[in-house]
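Residues per chain, in single letters:
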Amino acid sequence: MKRALLTLLLSGLVFCAIAQDTPQTNLPRIKLQAGMYQIDTQVAQTSDQRSIGLMFRKDMPQHEGMLFVFEQPATQCFWMKNTLLPLTAAFVADDGTIVNLVDMKPQTTDSHCSEKPVRFVLEMHQGWFTKKGLKVGSRLSGVAFKP
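As the structure is a computational prediction, the values presented were derived from the model and not from experiment.

The rules we used
Residues numbered from 1 in each chain as written. Predicted model: local features only at pLDDT ≥ 70, side-chain atom pairs only at ≥ 80, totals over all residues. Heavy atoms only, no water. Disulfide = S-S within 2.5 Å. Helix = DSSP H or I, 4+ residues; strand = E, 2+ residues; numbered from the N terminus. Buried < 20%, exposed > 50% of the residue type's maximum accessible area, 1.4 Å probe, protein only. Phe/Tyr/Trp six-rings, centres within 6.5 Å; stacked < 30°, edge-to-face > 60°. Pairing = 2+ DSSP bridges.

Re the state of the cysteines
Step number 1: In the structure shown here, the tally under the stated rule is one disulfide.
Step number 2: With a sulfur-sulfur separation of 2.0 Å, C77 is cross-linked through a disulfide to C113. Its torsion about the S-S bond being 110°, the disulfide of C77 and C113 is classed as right-handed. Taken together, the positions of C77 in strand β4 (residues 77-78) and C113 in strand β7 (residues 112-113) put the pair 36 residues apart, joining distant regions of the chain.
Step number 3: Judged by relative accessible area, C77 falls into the partly exposed class, the value being 44%.

Right under this line is the structure:
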């Protein structure tokens, strides 16, 4: 009995260790608009979902991103530990206005923070916002943002 319980416990620990190195790809999705561009967005809204973010993703379609949703506006800071893709983070106000944009280098622990308290951070492929002509002050729209 003890041996079976120990085996079950160790199997569970191995499963947890494997799960920690796996990208999360089954998060809820919403559509956002940035001018004439549509973004297919995964939504990370729990603490666990936000802490994993886009870690371990080897690829992501160009029109996709991840929207991090926080309960309260605050200075939000991000890093790129275990994140393989170069990303740009858009720190976004409640009304969808981009507060600041930060390019982030893969697999680093450099801290990248919002310039003002925000509840939303949208991560896209690095350079996506620039290629689309979006900058600080541009507005995103969709169900997440108040008009």
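Still to come is the rest of the account.
Points about the packing of aromatic side chains
Step number 1: Going through the model one piece at a time under the given rule, you end up with six aromatic pairs.
Step number 2: Look at F68 and F78: their rings are 4.8 Å apart centre to centre, the planes differ by 85°, and that puts the pair in the edge-to-face class. Of this pair, F68 sits in strand β3 (residues 64-74) while F78 sits in strand β4; the two residues are 10 residues apart in sequence, bridging distant segments of the chain.
Step number 3: Accessibility expressed as a relative area gives 2% for F68, which makes it buried.
Step number 4: The class of F78 is buried, set by a relative accessible area of 9%.
Step number 5: Where W128 meets F129, the ring centres are 5.2 Å apart and the plane angle is 90°; that geometry is what we call edge-to-face. Like W128, the residue F129 is buried in the burial classification.
Step number 6: By the ring-pair criterion, three or more aromatic residues cluster together here, those being F68, F70, F78 and F91.

Focus: the pairing of strand β2 (residues 37-44)
Step number 1: Of all eight residues making up β2, six are buried, and the element is well covered by its neighbours.
Step number 2: Pairing geometry for strand β1 (residues 29-34) and β2, over six bridges, is antiparallel. Among the inter-strand pairings, K31 is bridged to a residue of β2, identified as D40.
Step number 3: Count of turn residues in the β1/β2 antiparallel hairpin: two residues, of which G35 carries a positive phi of about 65°.
Step number 4: As paired elements, β2 and β3 share five bridges and run parallel to each other.

Worth remembering: the numbers are spatial, not functional.
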